Amino acid sequence: MDLNIKINDKNHLDIGGADACDIAEEFGTPTYVIDENRIRDNYNRFYNAFSKYYPDFRVYYACKANTNLAVMRILESEGCCIDAVSPGEVYTSKKLGFPGERILFTGNNVTTEELKFVAEQGAVLNLDSVSALKRLAEVVDPEGFKISFRVNPMVGAGHHDHCITGGVMSKFGIMDNEAVEVYQFAEDLGFTPVGMHSHIGSGILDPEPFKLAIESTIDIAGKVHTEAGIDFEFVDFGGGVGIPYTPEENIVDIDTFAKENIALFKSKLEEHDLGKPTMYLEPGRYLVGDASVLLTRVNSVKQSYRKFLGVDSGFHTLLRPAMYDSYHHIVLANKMDAPNTQEVDIAGNVCESGDLFARDRPMPDVEEGDLLAILNAGAYGFTMSSNYNSRPKASEVLVKDGECFLTRERETFEDLFNKQIIPDYLQ
Ligand SMILES: Cc1ncc(COP(=O)(O)O)c(C=O)c1O
Ligand SMILES: N[C@@H](CCCC[NH3+])C(=O)O
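Residues numbered from 1 in each chain as written. Chains lettered and ligands numbered in written order. Predicted model: local features only at pLDDT ≥ 70, side-chain atom pairs only at ≥ 80, totals over all residues. Heavy atoms only, no water.

If you look the protein chain up in an unreviewed UniProt entry, it shows as Diaminopimelate decarboxylase from Methanobrevibacter smithii DSM 2375. Check the Subunit (unreviewed entry) section of the UniProt entry for the protein chain; it says "Homodimer." As stated in UniProt under Function (unreviewed entry), the record for the protein chain gives "Specifically catalyzes the decarboxylation of meso-diaminopimelate (meso-DAP) to L-lysine." (UniProt positions renumbered as here; feature names shortened; annotations may be inferred.)

Here the focus is the state of the cysteines. For the structure on display, the rule yields zero disulfides. Residue cysteine 80 stays outside any disulfide, its sulfur separated by 6.2 Å from that of cysteine 81, the closest cysteine. (Disulfide = S-S within 2.5 Å.)

Moving on, we get to the UniProt feature "active site" (unreviewed entry) in the protein chain. UniProt annotation of "active site" (unreviewed entry) refers to Cys351 when read in the numbering used here. Within the secondary structure layout, cysteine 351 lies in the loop between β16 (342-347) and β17 (356-363). (Helix = DSSP H or I, 4+ residues; strand = E, 2+ residues; numbered from the N terminus.)

Next up on the list: the site of ligand 2. Near ligand 2 you find Lys64, His159, Cys163, Ser202, Arg285, Arg320, Tyr324, Tyr380 and Met384, and these make up its full shell. Contact between ligand 2 and arginine 285: an oxygen atom at 2.8 Å from a side-chain N or O atom of the residue. Between tyrosine 324 and ligand 2, the recorded distance is 2.8 Å, taken from a side-chain N or O atom to a nitrogen atom. About the coverage of ligand 2: the protein hides 84% of its 310 Å² of free accessible area. Along the lines of polarity and charge, the residues of the shell around ligand 2 split into four nonpolar, two polar and three charged. Both domains that furnish three or more residues to the shell around ligand 2 are identified here as domain 1 (6-35 + 289-417) and domain 2 (36-286). (Near = heavy atom within 4 Å. Polar contact = N/O pair within 3.5 Å; in protein donor to acceptor, adjacent residues only side chain to side chain. Areas by Shrake-Rupley, 256 points an atom, 1.4 Å probe, with all protein chains shown as cover. Nonpolar A, V, L, I, M, F, W, Y, C, P; charged D, E, K, R; others polar. Domains from an automatic or database assignment.)

The subject of this paragraph is the site of ligand 1. Taken together, 15 residues form the shell around ligand 1, and within it His199, Ser202, Gly240, Glu282 and Tyr380 come nearest. A distance of 2.8 Å separates an oxygen atom of ligand 1 from a polar side-chain atom of histidine 199. In this structure, a nitrogen atom belonging to ligand 1 sits 2.6 Å away from a side-chain N or O atom of glutamate 282. Relative to its unbound accessible area of 390 Å², ligand 1 is 94% covered by the protein chains. Taken together, the residues of the shell around ligand 1 break down into three nonpolar, seven polar and five charged.

Given below as structure tokens:
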């Protein structure tokens, strides 16, 4: 089993050297708990695997996965760069110390004002349409302005249909067969196109689609090089590397993955005489997914037509099970040695019948007051949470070598009033 689970001598879940039960006691529930060392390990394992075979390599953290400020500072301190998808992510990254040159902005359906803002921040713009290109030309001086384009490599993969971003159904990128024309047009406008980007999807454990994407993207880059005379400073293959969520899934052997992909990358570069552009990858889930758990307490055990364990969080806290039917492994954090004795449904506190973390899940005997830990909650967990049902958002705690730091206060009812204005006549 490749799930990241550690147990201490009290038979409690250990997170980064801290006891899950103590954390729940001190900070309450629901709380996301993030293990700093695990993020650092994930980053270094990933970076070292690729840079060993191709030193001109950069990691752009897809910060949409987790924008906790401490998480971003940790990755900044490791020398990581940022894949930003919105002006808000660019703003946050800049404020946290990432220089513009280390931020790649890959927006989709962005306004002209947003393009202008991102350009003013000094981030590198990776454009997704001819419309964006034309509108960027209205708000910056294109002369010598470096840009890149996201292309659709016509390869797609992902753990759910919603997470496949290449192929004919995808809203992302320019078409492979218009690339030459678009790069040429960018040059005609005065821009200096220096990069090409593709991203096929998210949550992929199978190495094959990545290889197909490398082939297809470099074939497109080769055509653009030959026919439009573009020299590439970088090629970016996006993110998407999955992590095991179920006990049956295996962690990606990142060294073999890197070795094979880099070998293919080099041979494709040679085939098209593309020189030695820097290789970028944009992992999100791989860096932060297994570094965090969501602690949630069982507040009711109900035997109805089925047996339900009711907990103090819901899909407003962790959306993935409800949105993608995603499996998250759930453990009884205060009795880690207890054997499974039953199959139960684990339900949240939102007023929707789809608010379930698990159906028919083998679990030990669980009592009200017990503590559950929902594993692999570090990617697309807090960032996709909401205030649905007027539920305040969870707190977040960072653990470093057993020491705990509150990095986000739990919201209060007062926070539900933030930014709302009741017109005078209704006061
Ligand atoms: C452009 C881009 N890069 C990187 C990522 C990160 O994906 P993942 O978290 O699966 O690595 C995404 C999300 O799918 C994305 O849209
Ligand atoms: N939100 C998705 C990943 C999508 C990534 C965004 N392109 C998930 O939780 O798996």
